[in-house]
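A closer look at the structure
Residue strings, one per chain:
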Amino acid sequence: MPGQIIAQPNPPPDPSHLPDSIREYAVQLNMSNVLTESELCAIQKFRRAANYIAAAMIFLKDNILLERQLTFDDIKPRLLGHWGTCPGLILVYAHLNRIIKKTDLDSLLVVGPGHGAPAILASLWLEDSLSPFWEPYTRDRAGLTRLITKFSAPGGFPSHINAETPGSIHEGGELGYALSVAFGAVMDNPHLVVTCVVGDGEAETGPTAAAWHACKYIDPAESGAVLPIVHVNGFKISERTIYGCMDDKELIALFSGYGYVVRIVSDLEHIDLDLAASMEWALAEISRIQRAARSGNPIVKPRWPVLILRTPKGWTCPGMMHGEFIEGSFHSHQVPLPQAKTSQEELQALQGWLQSYGPHELFVIKCGSGVVEGAPTEELLSIVPDKKDKKLGCRKEAYAAFQPIRVPEWIHLGVQKGSQASCMKVVGTLLRDTIKENPTTFRIFSPDELVSNKLDAVFDDTGRNFQWDVASRAQGGRVIEILSEHTCQGMLQGYTLTGRTALFPSYEAFLGIVHTMMVQFSKFTKMAHETNWRHDIGSVNYLETSTWARQEHNGFSHQNPSFIGAVLNLKPALARVYLPPDANCFLSTVAHCLRAKNYVNLMVGSKQPTPVWLSPEEANKATSVLVGIGVEVTFEVIAAAALLRKIVPALRVRVINDRNIIINYHGYPIEVKGLIFGRPAVDRITIEGYREEGTTTSPFDMMLCNHTSRYHVAAAAIRAGALFNTKISTEAHADAAYIMHMATKDKEYIFAHGMDPEGTFDTPKFD
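Attention in this report is confined to the structure presented alongside it. As the structure is a computational prediction, the values presented were derived from the model and not from experiment. (Residues numbered from 1 in each chain as written. Predicted model: local features only at pLDDT ≥ 70, side-chain atom pairs only at ≥ 80, totals over all residues. Heavy atoms only, no water.)

A word on helix α4 (residues 141-150)
- Restricting attention to buried positions, one finds in α4 the residues Gly 143, Leu 144, Leu 147, Ile 148, Thr 149 and Lys 150.
- The secondary structure elements touched by the buried residues of α4 are α1 (37-59), α3 (117-126) and α23 (732-753).
- Regarding α4, its N-cap is Asp 140, as a side-chain oxygen of that residue lies 3.2 Å from the backbone nitrogen of Ala 142 further along.
- Of the residues one or two after α4, Ser 152 is the one with positive phi, at around 55°. (Buried < 20%, exposed > 50% of the residue type's maximum accessible area, 1.4 Å probe, protein only. Helix = DSSP H or I, 4+ residues; strand = E, 2+ residues; numbered from the N terminus. Contact = heavy atoms within 4.5 Å. Polar contact = N/O pair within 3.5 Å; in protein donor to acceptor, adjacent residues only side chain to side chain.)

Here's what the structure looks like:
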């Protein structure tokens, strides 16, 4: 069965066997008088407007305000987007706006269901947080037209939240990391509350399960707070979620055990009153915990608030289509009406769906002088914060908060040339001094391995920051040790993207656990680097030790240097791998990486004593090592060179070849380069492959972006052949230029029409 068969929309969970007394652990609130009539009306209209825009973004390429009946020509050729989570995200966004305006709250929003981009982009447009960063997205008809028609199309916003989304600090692709990113963001930001929406699909991931413990590493005297909102809409792509099948008692028991105090938000008939009261209670609880800690009387094991928000999947979309439930089922997860371009029945359903929001009541249409056509009405904007820097899309913590750290001089920490020393023990002293110099802008995130990795010199000046342990509670420790690489990585990302600098030391074999997290982060930073309004950030710094060459005691399971290749596969302009050969070179490298901006840095070295080849002064003068051999094997190479000098002094190798090869490869080009390395005349080989280029676009545009298209291959073949064939060389430049002109014309067509040219993927014919 392709999808789960359900007997009713929004099916309730079966009742558990837990006693009803469990409900006493959840908070009960009085919802009366929490909102004024005008506030309630404004929130509801904001939600209707944002829901309308979000749905229109998925479907419409014309007639954006339904000023006539929809036709097939109004529908996009490719329907991309995820509707199911959007209504819940918009509900949260509207209420955050209202409470920020009321209380002057400093807040960021981290969105776990990252493919709910239509919800966030619609809300950003309504609060006018797009146009300050993206000039064409003005809060008028022209800006709204662009937002709707270019979404998930070449030249527009992609289908997920990314670095191009104002206010975002989290790549919204791979699930599981939102919560740990949020906790990293509030560390050393005592003024900040990060609201983090965790979808119930994401809640099934291992990284999220571990990240719930991150609250135990938050010292409320020095850091801000995270307000988690678990959005339980019950369905994933084609099946019910675990949380959706848990009743309230089971969820209350689960989160109470994690250390939270729970508020269930599920009164659909009065959902705005329910959520408004719940948010006010949650912020009051956060304030109470922080006041106690900051007055010198911290609450031991404070129970931070968590909201469990139950709303139907795809709320407000059509209830049924073709005999299947849509609203309240997995059918609304992505595009609820996937045949709207060709099915009259689905087109009429889309017309009714969009019309149900009453767009003519929400946007100014055919206005008179002095009124902006296409703009949202003033009433629904009354909940939007008046101060620009308070808006969720304009918070500087998300894009302009970098605080460079002071890296101490390291020469005096160096060791004598000709001696033997552990790179890690020596580097530990530099990290200790860095912590002294940067008491609120530098942290170490480590999976319980700092002492094992011989970096324990840092504990000369600081401690751990585990708030549930009496030995480290409320002492300002700069080391977070939690035996979850995913949580360390997420905290590292949140801390770095909000302007600070951090280090992630780990066993070499287990850095691979965060391989895909690192790649997702690098995609975010790549796009940030190419987005002119995002400022610099500190580099993400990995310290890889306990290397395979010295893991003979732990065995095969601990011998895995694959993370090096993972970093090498990134865009070369934004990633660096360092393999310094000795302790003094390692000191120089770490100092350089801590000062660097916008990179993913990987430093690889041994924790065991090894020879020191260079003095501190020589190491300081040496140029940066981008790719080297490594500590232990450098020793073997030097030993082998000495042996060859003695035994075979005349040894020479010379290789000649005169034919060029062009390889068009599915994966990363470096993987092929690794396979052919050391073979004769490798410089005759040209390799193209995935270049870390892409967005929401057409299939052939992906080929063009990555230089793997038919045009790139043909042009390369002409240029190579011209080196040896005079018949080709006389016209090679013109021929190659003409072929690349064809590539340009195809790209222009794709951007104009949102699809590949007809016949692009027809079977080639050799006539």
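Focus: helix α11 (residues 423-437)
- With 15 residues, α11 extends 22 Å between its outermost C-alpha atoms, agreeing within 8% with the 21 Å of an ideal straight helix rising 1.5 Å per residue.
- For α11, a buried count of 12 out of 15 residues is recorded, marking the element as mostly surrounded by other parts of the structure.
- Those residues of α11 not exposed but buried are Cys 423, Met 424, Val 426, Val 427, Gly 428, Thr 429, Leu 430, Leu 431, Arg 432, Asp 433, Thr 434 and Ile 435. (Expected span 1.5 Å × (residues − 1).)

Regarding the pairing of strand β14 (residues 600-604)
- In terms of burial, β14 is a largely internal element, 5 of the 5 residues being buried.
- Alternating residues of β14 divide into Val 600, Leu 602 and Val 604 and Asn 601 and Met 603, and every residue in both groups is buried.
- Bridge analysis of strand β12 (residues 540-545) against β14 gives 5 bridges, and the strand direction is parallel. Directly across from Glu 544, in β14, lies its bridge partner Val 604.
- Direction of pairing for strand β13 (residues 575-578) relative to β14: parallel, over a ladder of 4 bridges. Counterpart to Ala 575 in the pairing with β14 is Val 600. (Pairing = 2+ DSSP bridges.)

What to know about the nonpolar core
- Membership of the largest hydrophobic core comes to 168 residues, with the highest contact counts inside it found for Tyr 52, Ile 53, Phe 59, Trp 212, Phe 255, Phe 363 and Tyr 542.
- For this core, the leading source of residues is α1, giving 14 residues.
- Setting aside anything within four residues of it in sequence, one finds Tyr 52 in contact with Leu 60, Ile 64, Leu 65, Leu 66, Leu 354, Tyr 357, Pro 359 and Phe 363.
- Counting residues in hydrophobic clusters, the runner-up holds 32 residues, among them Leu 430, Tyr 578, Cys 585 and Phe 586. (Core = buried A, V, L, I, M, F, W, Y, C linked by side-chain atoms within 4.5 Å.)

Purely geometric stuff here, so don't read any function into it on its own.
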